[in-house]
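For reference, the chains in residue letters:
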Amino acid sequence: DVKVTQSSRYLVKRTGEKVFLECVQDMDHENMFWYRQDPGLGLRLIYFSYDVKMKEKGDIPEGYSVSREKKERFSLILESASTNQTSMYLCASSPSPQATYGYTFGSGTRLTVV
Amino acid sequence: AQTVTQSQPEMSVQEAETVTLSCTYDTSESDYYLFWYKQPPSRQMILVIRQEAYKQQNATENRFSVNFQKAAKSFSLKISDSQLGDAAMYFCAFGAQKLVFGQGTRLTINP
């Protein structure tokens, strides 16, 4: 069974902390994505990557960065966590180049910044 | 900018009845894919149905079907014979490489 695994289901961090959200896929997919999900706003794209060491900004990249050193792993980094980054974070992957069959999603990390 | 609008934040339906969730989108592209995803309380996003924009025939997957109107940029989901397990948040999405998602519709099934 193909999988996208997010390392933490729940996370509580303090304001100003550097936070790492990890995502690993075992499907040899080229594309990986990070979204945040908020009530009434749906899913919004933060960053995505089409290949190792490649990254592109999505619609709301401010306050975030990403790292993709290996094909299977895509990390989201909150450089200095703030309370407005409290949200559900979803990682997804898809084979390149088109989104023909959609994404496979992880089960999400609910991050609370206090 | 590409956008997706789900105008129904919440819907409810009696078990065994039919319900339709609406979705409209905006794009200047002609070639893309459309999807409905289901997110139950477990939070795992599950693909319900997909449609290729170049195909006029509406997609069907068992009790789930879509009404795709490309000119109107509309992509609604019909769930027939609703079951308690259908209760979830439903997201409409479209795109060619990266997907744009709607705000979601929370569907409740009344027994």
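*Asks:* I tried to follow the overall build of chain B on my own but got confused; where do I start?
*Replies:* Looking only at helices and strands, one finds zero helices and 12 strands in chain B. Its C-alpha radius of gyration of 13 Å places chain B within 12% of the 13 Å reference for a compact globule of 111 residues. Seen through its principal axes, chain B has C-alpha atoms that stretch 40 × 25 × 20 Å. Each of the 111 residues in chain B was classed as buried or not, and the buried ones make up 50%. In chain B, of all internal contacts separated by at least 6 residues, the share reaching a separation of at least 24 is 54%. As displayed, chain B offers around 5,400 Å² of accessible surface, 45% of which is attributable to carbon and sulfur atoms. In chain B, 10 positive and 10 negative side-chain charges are present, and the distance between their average locations comes to 5 Å.

*Asks:* It is not clear to me how the interface of chain A and chain B should be interpreted in this structure. Could you clarify?
*Replies:* Where interface size is given, it is often the accessible area lost as the parts come together that is meant. Tallying the contact residues gives 27 residues for chain A and 18 residues for chain B. Carbon and sulfur atoms make up 51% of the area that chain A and chain B hide from each other, which totals about 2,000 Å². The tally of links between chain A and chain B comes to zero salt bridges. For the pair chain A and chain B, the interface holds 11 residue pairs in polar contact (both at pLDDT 80 or more). Elements that contribute at least two residues to the side of chain A that touches chain B include exactly β5 (31-38), β6 (42-49), β10 (87-94) and β12 (109-113) of chain A. Element by element, the count of residues in the side of chain A that touches chain B is highest for β6(A), at four residues. A per-class count over the side of chain A that touches chain B returns 15 nonpolar, 10 polar and two charged.

*Asks:* For this particular structure, what's the right way to read the environment of A:Ser93?
*Replies:* Residue and element names in this part refer to chain A. One can find serine 93 in strand β10. Ignoring sequence-local partners within four residues, the contact set of serine 93 consists of Val4, Gln25, Met27, His29, Asn31, Met32, Phe33, Gly102, Tyr103 and Thr104. In terms of polar contacts, serine 93 uses its side chain to reach the side chain of histidine 29, at 2.8 Å.

*Asks:* Before we go on, may I ask you to explain unusual backbone geometry in this structure?
*Replies:* Negative phi is the rule for most residues except glycine; trans is the rule for most peptide bonds. Phi is positive for A:Asp28, which is not a glycine, with a value near 60 degrees. As for its placement among the helices and strands, A:Asp28 is situated in the loop between β4 (23-25) and β5. Judged by its relative accessible area of 55%, A:Asp28 falls in the exposed class. The phi angle at B:Lys73 is positive, at roughly 55 degrees, despite the residue not being glycine. For B:Lys73, a relative accessible area of 25% gives the class partly exposed.

*Asks:* Explanation requested: the pairing of β10(A) in the structure shown.
*Replies:* Sheet faces and side chains relate simply in a regular strand, where the side chains alternate between the two faces. Residues and elements named next belong to chain A. Most of β10 is tucked away, with eight of its eight residues classed as buried. By the alternation rule, side chains of β10 split into Ser87, Tyr89, Cys91 and Ser93 and Met88, Leu90, Ala92 and Ser94, which are all buried. The pairing of β5 with β10 spans seven bridges and is classified as antiparallel. Directly across from tryptophan 34, in β10, lies its bridge partner cysteine 91. Of the strand pairs in this sheet, β10 and β12 are connected by three bridges, and their pairing is antiparallel. Within β12, the residue paired with methionine 88 across the bridge is arginine 110.

Criteria and thresholds
- Here the residue index of a chain counts from 1 through its sequence in written order.
- Lettering for chains starts from A, numbering for ligands starts from 1, and both go in the order in which the items are written.
- Totals for whole chains, interfaces and linings use every residue, but because this is a predicted model, local features are given only for residues with pLDDT of at least 70 and side-chain atom pairs only at 80 or more, for both listing and counting.
- The side-chain values count all of the structure's non-hydrogen atoms but skip hydrogen atoms and water molecules.
- The helix count covers DSSP runs of H or I at least four residues long, the strand count covers runs of E at least two residues long, and both are numbered beginning at the N terminus.
- Based on C-alpha atoms, the radius of gyration is set beside the globule rule, defined as 2.2 Å times the residue count to the power 0.38.
- Using a 1.4 Å probe on the protein chains alone, a residue whose accessible area is under 20% of its type maximum counts as buried, one over 50% counts as exposed, and one in between counts as partly exposed.
- We call two residues in contact when some of their heavy atoms are within 4.5 Å.
- Note on areas: Shrake-Rupley, 1.4 Å probe, and residue coverage restricted to the protein chains presented here.
- Neither His nor the chain termini are counted; the positive set is Lys and Arg, and the negative set is Asp and Glu.
- A single reference atom marks each charge: NZ on Lys, CZ on Arg, CG on Asp, CD on Glu.
- As used here, buried area is the combined drop in accessible area, with a 1.4 Å probe, of two parts when they are placed together.
- Any Lys or Arg side-chain nitrogen located within 4 Å of an Asp or Glu carboxyl oxygen qualifies as a salt bridge.
- Any pair of N or O atoms that falls within 3.5 Å is considered a polar contact. Within protein, one atom must be able to donate a hydrogen and the other to accept it, and sequence-neighbouring residues count only if both atoms are side-chain atoms.
- Throughout this entry, Asp, Glu, Lys and Arg are counted as charged residues, while Ala, Val, Leu, Ile, Met, Phe, Trp, Tyr, Cys and Pro are counted as nonpolar. The remaining residues, Gly among them, count as polar.
- A pair of strands is considered paired only if DSSP assigns at least 2 bridges between the two.

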